[in-house]
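# Breakdown of the fold
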Amino acid sequence: MQISGVNNPLEAAKRGKTPMIQKKAVEASKNGMTDDFVKKLQELARRDAQKGTGMSQEAIDLRYAQMAKYVSPDRSAPIAQMSRELQKAAQEHREEQDPALEFLDRVIERLKGRPSRIVKSFSGLAGGCSGNLHSTPENQVATVYSPDGEEIAQYNTSGGGWMNLTTRAENQFLGDSSAIYMQAYDAARAEMNAPKASAQSAAFRESTVDFRA
């Protein structure tokens, strides 16, 4: 019997839902909240509040740069390794048969229910990552997993190439840093509105007529 969904440990790991991955996500986010980063983010939040705008591009860039430095996994090396495997698989497809017979062969394979495909799994990729690929003459799909089994990058020919998949730790950091920004932003807006509210209150008191006589 095949078990699917988050109750399957492998599927839970892919989605970043195991207790270990969740714990590491919280720890990674905390490590990314350096004093210098928090101070700069709060300064940008106060500046944005004074301008009356939403989160500035500078604040967004600061968060993503910090995340890349402290939280994000090193995707580049395992992606490069898997890209070479995809190229090898594509070459195998080209060498399988005479181009003149390629179309007819594909039709026959499909009628038999056995499409020409290459399926491989790889362990020991850079950074302790692993990966797998499914390759046919028409399309290639590959996935890179973190050492904990979480999906961190995926390749699809029809999808335009490699795409980074946001990890649990990255989501945690983005949420936590957004909360820090909004707290500073709201505090700055409250300070800006305080004098206005006091002035309005004073004006109201002065305009109140005392009818006691």
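These notes cover the structure that comes with them. Residue positions are counted from 1 within each chain, in the order its sequence is given. In keeping with the predicted nature of the model, local features appear solely for residues at pLDDT of at least 70, side-chain atom pairs appear and are counted solely at 80 or more, and the whole-chain, interface and lining totals rest on all residues. Values shown for side chains rest on all heavy atoms present in the structure; no hydrogens or waters enter the calculation.

### Here we look at the overall build of the chain
For helices the rule is a DSSP run of H or I covering at least 4 residues; for strands it is a run of E covering at least 2, with both sets numbered from the N terminus onward. When you go through the chain residue by residue, the secondary structure sums to seven helices and five strands. Residues counted as buried form 32% of the 213 residues belonging to the chain. In this analysis, two residues are considered to be in contact whenever any of their non-hydrogen atoms come within 4.5 Å of each other. In the chain, the share of contacts with a sequence separation of at least 24, taken over all contacts with a separation of at least 6, comes to 54%. Surface accessibility in these figures is a Shrake-Rupley result with a 1.4 Å probe; residues are shielded only by whichever protein chains are displayed. Of the accessible surface of the chain, which amounts to about 13700 Å², a share of 52% is contributed by carbon and sulfur atoms. To sort residues, take the accessible area from a 1.4 Å probe on protein chains only and compare it with the maximum for the residue type: under 20% means buried, over 50% means exposed, and anything in between is partly exposed.

### A word on the environment of glutamine 22
Relative to the helices and strands, glutamine 22 is located in helix α2 (residues 19-32). A residue is classified by how much of its surface remains accessible, and glutamine 22, at 29% relative accessible area, is partly exposed. Sequence separation between glutamine 22 and glutamine 172 is 150 residues; the distance between their C-alpha atoms is 8.9 Å. Residue contacts for glutamine 22: discarding those within four places in its chain leaves Gly16, Lys17 and Arg168.

### Quick word on the environment of serine 72
Here serine 72 is to be found in the loop between α4 (57-70) and α5 (76-95). Linking serine 72 and isoleucine 152, residues 80 residues apart in sequence, is a C-alpha distance of 9.3 Å. Those residues within four positions of serine 72 in sequence are excluded, and the remaining contacts are Met67 and Glu170. Counting of polar contacts relies on pairs of N or O atoms within 3.5 Å, with two restrictions inside protein: one atom must be capable of donating a hydrogen and the other of accepting it, and residues adjacent in sequence are counted only when both atoms are side-chain atoms. At 2.5 Å, the side chain of serine 72 forms a polar contact with the side chain of glutamate 170.

### Some words on helix α3 (residues 35-51)
Here α3 is 17 residues long and its end C-alpha atoms lie 25 Å apart, about the 24 Å a rise of 1.5 Å per residue gives. Downstream of α3 by a residue or two, glycine 52 has a phi angle that is positive, lying close to 75 degrees. An expected span of 1.5 Å times one less than the residue number is assigned to each helix.

### A closer look at the side chain of serine 56
One can find serine 56 in the loop between α3 and α4. The exposure class of serine 56 is buried, given its relative accessible area of 15%. Excluding its chain neighbours within four sequence positions, the residues that come into contact with serine 56 are Arg47, Asp48 and Tyr181.

### Points about the pattern of salt bridges
Here, a salt bridge means any side-chain nitrogen of Lys or Arg that lies within 4 Å of a carboxyl oxygen of Asp or Glu. In the structure shown here, the tally under the stated rule is seven salt bridges. Put simply, lysine 88 and glutamate 85 hold a salt bridge, and the shortest N to O gap is 3.6 Å. Of this pair, lysine 88 and glutamate 85 both sit in helix α5, separated by three residues, roughly a single helical turn. Since its relative accessible area comes to 19%, glutamate 85 is described here as buried.

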